[in-house]
Each structure stands twice: as C-alpha cells, then as structure tokens.
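As a plain string of letters, each chain reads:
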Amino acid sequence: MTENTFPPARILGVESSCDETAAAVVENGRTVLSNVVASQAEMHAKYGGVFPEVASRQHIRTVYTVVEEALAQAHLSLGDIDAIAATQGPGLPGSLVVGLNMAKGLALGSGKPLIGVHHLEGHLYSGWIDDSANGGEPKPEPTFPLIALLVSGGHTELVLIKDHLTYERLGGTLDDAAGEAFDKVARMLGLGYPGGPKIQQAAVGGNPAAFKFPRAWLEDTWNFSFSGLKTSVLHQIRKLREELGEGPEDETVTLPVADLSASFQMAVVDVLVTKARYAAQEFKAKELLIAGGVSANKLLREMISKDTNGVVHIPPIHYCTDNAAMIAAAGYYRFVHGHKTELDIDALPTWPLDELPASP
Ligand code: KG4
Ligand code: ZN
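Scoring rules and cut-offs
- Residues numbered from 1 in each chain as written.
- Chains lettered and ligands numbered in written order.
- Predicted model: local features only at pLDDT ≥ 70, side-chain atom pairs only at ≥ 80, totals over all residues.
- Heavy atoms only, no water.
- Helix = DSSP H or I, 4+ residues; strand = E, 2+ residues; numbered from the N terminus.
- Buried < 20%, exposed > 50% of the residue type's maximum accessible area, 1.4 Å probe, protein only.
- Axes fitted to C-alpha atoms, helices over the stretch in contact; angles between N-to-C directions.
- Parallel < 35°, antiparallel > 145°, perpendicular 65-115°, else oblique.
- Left-handed = near helix turned anticlockwise from the far one by under 90°.
- Contact = heavy atoms within 4.5 Å.
- Nonpolar A, V, L, I, M, F, W, Y, C, P; charged D, E, K, R; others polar.
- Core = buried A, V, L, I, M, F, W, Y, C linked by side-chain atoms within 4.5 Å.
- Pairing = 2+ DSSP bridges.

### So, unusual backbone geometry
Part 1: Geometrically, the link from Gly89 to Pro90 is a cis peptide bond, its omega value of -15° lying close to zero.
Part 2: Tracing the sequence through the fold places Pro90 in the loop between strand 4 (83-89) and helix 3 (93-110).
Part 3: Geometrically, the link from Tyr193 to Pro194 is a cis peptide bond, its omega value of -5° lying close to zero.
Part 4: Phi at Asn28 takes a positive value of approximately 55°, unusual for a residue other than glycine.
Part 5: A relative accessible area of 26% means that Asn28 is categorised as partly exposed.

Structure below.
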C-alpha cells in the first residue's frame with residue numbers, strides 16, 4: 001500500500017454538471033470534512049429525465065447555500081481552504097457554468113487557486129475517499145496500476161490508471177451508457193426516473209434467468225454496447241403484451257416486471273464485471289475500482305467482489321452518484337501536482353477523458 005507523501009491541503013469542491021448541486025471539503029485528497037448534495041431528481045422525475053433548463057435554474061437557486069453549508073459543516077471558512085476545485089466538464093452547459101462561475105467568484109474573492117476538474121476524473125478519485133472520519137470503514141489507498149470501471153448516466157469507460165493523473169482509456173460504450181440503459185428500460189417498464197435504483201428495487205425477488213437477454217461481448221475490444229440489449233427488452237415487452245393482451249401496444253397487460261428487471265440487470269452487470277476482470281488480468285493490475293452512479297448497483301457491487309484475490313475498491317454509495325467530495329479529491333491530486341487553472345476558463349461540455357492534461 002502506498003502512503004500519501006503529498007503535502008497536506010484542504011480543497012473545497014463544487015459540482016453542478018448534471019442535476020445535483022454539490023459542494024464538499026476534503027482534506028489531503030481522502031478525508032471528507034463535509035459533503036453536501038442538493039439533488040434535483042424529484043423535479044426531473046415528471047419529465048422522465050433531466051430537463052436542462054430546469055436544472056440550470058435550480059443550480060442557480062441552490063449553489064450559494066450548498067457551498068455555505070459545506071464550509072459550515074466542515075467548521076471552516078474560505079480562509080482555511082487551500083484551493084477551490086470545480087467541475088469544468090463534461091456535462092450540461094447550462095449546469096456546468098453555475099458551479100464553475102461560483103468557484104471562479106470564490107477564487108477571485110479569496111485569492112485562492114482555482115482548479116478545473118474533469119467530472120470523470122472526479123468519479124475515478126471517489127475510489128480514494130476514506131470515509132472513516134464519518135463512521136465508514138477505513139479504506140486502503142488504491143495502488144497502481146489499477147483498472148477502473150466507470151459507469152454513469154453518460155459514460156461507460158474502462159480505464160487503466162497507471163499513476164496519479166495518468167490514464168489510458170481502454171474502451172467505452174459505442175452507444176448507450178450503462179446508466180442510460182437502466183434509465184431507458186425503467187421508462188419502458190413504467191418505473192420512473194432515475195431508472196437504476198428503480199430497476200434494482202423492482203428486480204428484488206425476480207429471476208435473473210427468466211429472460212435470455214443478449215450480451216454484446218465485442219470480443220477483442222474493451223468496448224461496450226447496450227442498445228441491442230435495450231431493444232431486446234422492448235421486443236420482449238411487446239411480445240408479452242401481444243401474448244397476454246390485445247396486441248404489442250396493450251398497456252393494460254400486467255408485465256412480469258421483477259423478472260424483466262432482474263434479467264436486464266444481470267445482462268448489464270455480467271458484461272461489465274466480466275470485461276473489467278479480463279482487463280485487470282490483461283494489464284496485470286492487481287486492483288480494480290468501480291465508480292460512477294451505476295456502481296451504486298447492489299448486484300454489480302456483489303459480483304465484482306466475488307471470488308477475487310485482488311483488491312476491489314468500491315466507494316460508499318453516496319460517493320458513487322454525483323457529489324463534490326470526488327471533485328475535491330481529484331482537485332487535491334491536481335493541486336499537489338502543480339496544476340492551476342486560469343480564472344477565465346470556460347466550461348467544457350464535451351471534454352473527452354483522453355484529453356486530460358497529464359501530470360506536469
Ligand atoms: O454518476 P451519476 O450520478 O451521474 C452521471 O454522471 O451520469 O450517474 C447517474 C446514473 C443514472 O443513469 C442512474 O440510473 C444510475 O446512475 N444509477 C444506478 C443506480 N443508482 C444510480 N444504476 C443502477 N443501479 C443503481 N443502484
Ligand atoms: Zn457523474
């Protein structure tokens with residue numbers, strides 16, 4: 001286990017890339033002093049997904065209070081903070097600018113450095129968070145090289161982390177992200193938004209082998225594809241409606257939602273876990289890390305840690321879905337490696353993971 005040999009620093013993180021307004025204070029990249037998340041999920045539920053205009057306006061309403069609350073819960077003022085890290089991208093343009101501008105204002109007013117953080121780098125660094133100061137299990141620091149499976153609403157990425165801030169993107173989804181597939185299938189089953197937790201809940205007691213949904217292995221690549229699976233669930237629903245009711249569109253039919261959810265969930269998790277483990281073998285990584293909203297999934301958490309000799313880093317659930325502690329953690333490693341961002345930076349809504357600046 002490598003011990004942190006970097007200088008101590010307290011980072012204030014701000015995150016507003018999608019529908020969570022969040023701020024957190026993290027010490028030395030690992031210890032969470034506060035973690036405040038204002039979720040808008042309920043506001044978007046009636047639209048069946050995130051409504052960008054609503055998200056942006058809600059961020060404006062809450063960002064100031066959320067930052068104040070994060071400092072208050074950490075019993076600190078801005079003067080005690082060493083740098084301010086904010087999500088610069090990728091994400092919704094109108095959402096990103098709110099947190100980023102808040103952070104710019106704080107940096108300008110306090111004279112503290114600003115660090116623009118890549119949202120996915122934030123998710124990766126959720127694997128470094130040690131929540132033992134808040135009653136969680138103490139967590140060893142990940143050691144390199146490690147394979148990260150990053151699965152969220154917008155991304156499905158398999159990444160080789162060679163060292164701090166040094167990544168090789170091995171592959172990713174060719175179509176839908178894993179979380180997006182959960183969200184879309186949940187909508188087809190009338191389960192609502194966000195789909196991941198709804199499917200997980202609906203799958204309890206369901207038979208994961210009830211329906212033989214396809215797995216896109218995409219052999220000889222580290223890529224993923226979930227759109228075929230999604231279409232297959234749709235065909236199955238239509239077939240069941242035809243068999244049990246008046247026709248493929250008959251919404252009065254009571255679907256076997258538990259079996260459909262369990263079978264779909266197993267098909268997604270099976271591919272994710274199998275490929276991540278192969279990658280660990282192939283790249284001689286002794287450790288695996290899962291991150292992103294979908295890594296909150298109970299089945300994924302169970303299956304990735306089953307029958308393995310290697311270490312698997314599984315962040316506590318509240319650091320899997322969007323939060324600012326992960327942004328502050330990533331910001332810390334950027335800060336101690338000498339990264340500093342100019343105050344006139346723009347939000348980067350489509351910033352690819354492989355265009356991150358390497359360690360200087
Ligand atoms: O990382 P995240 O909070 O936001 C993005 O950066 O996209 O991920 C949100 C995604 C959504 O698609 C949501 O349905 C999914 O994570 N998710 C889950 C679970 N909790 C959240 N998917 C499967 N099982 C869960 N328990
Ligand atoms: Zn995210």
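### Quick notes on the packing of helix 7 (residues 227-244) against helix 8 (residues 257-282)
Part 1: Put simply, helix 7 and helix 8 touch, their axes get as near as 11 Å, and they point 165° apart. One finds that helix 7 runs roughly antiparallel with respect to helix 8. In the crossing of helix 7 with helix 8, the sense of the turn from one axis to the other is right-handed. In this structure, helix 7 uses Leu229, Val233, Gln236, Ile237 and Leu240 to contact helix 8, whose residues at the interface are Leu260, Phe264, Ala267 and Val268.
Part 2: Class assignment of the residues belonging to the contact of helix 7 with helix 8 gives a composition of 8 nonpolar, 1 polar and no charged.

### A closer look at the nonpolar core
Part 1: Ranked by size, the top nonpolar core spans 45 residues in total, and within it Ile147, Leu149, Leu158 and Phe264 carry the most contacts.
Part 2: At the level of secondary structure, the elements contributing two or more residues to this core comprise strand 6 (146-151), strand 7 (156-163), helix 5 (178-188), helix 7, helix 8, strand 9 (287-291) and helix 9 (298-305).
Part 3: At 12 residues, the largest contribution of residues to this core is made by helix 8.
Part 4: When sequence neighbours within four positions are dropped, the list of residues in contact with Leu158 reads Ile147, Ala148, Leu149, Glu168, Arg169, Leu170, Gly171, Trp222, Phe224, Lys275, Ala276 and Ala279.
Part 5: Core analysis: the second largest hydrophobic core is formed by 38 residues, Ala85, Ile161, Ala329 and Leu356 among them.

### Looking at the sheet that holds strand 3 (residues 31-39)
Part 1: Taken in spatial order, the 5 strands line up as 3-2-1-4-5 in an open sheet, and their pairing is mixed. The two strands at the open ends of the sheet, each matched to only one other strand, are strand 3 and strand 5 (114-118). Between one strand axis and the next, the sheet turns through 20° on average, direction left out of account.
Part 2: As paired elements, strand 1 (residues 10-15) and strand 2 (residues 20-27) share 6 bridges and run antiparallel to each other. By the bridge assignment, Ile11 is partnered in strand 2 with Val26.

### What about the pairing of strand 6?
Part 1: The buried fraction of strand 6 amounts to 6 of the 6 residues, a majority that puts the element mostly inside the structure.
Part 2: Alternating residues of strand 6 divide into Leu146, Ala148 and Leu150 and Ile147, Leu149 and Val151, and every residue in both groups is buried.
Part 3: In terms of strand pairing, strand 6 meets strand 7 through 6 bridges, oriented antiparallel. Within strand 7, the residue paired with Leu149 across the bridge is Leu158.
Part 4: Pairing geometry for strand 6 and strand 9, over 5 bridges, is parallel. What sits directly across from Ile147, in strand 9, is Leu288.

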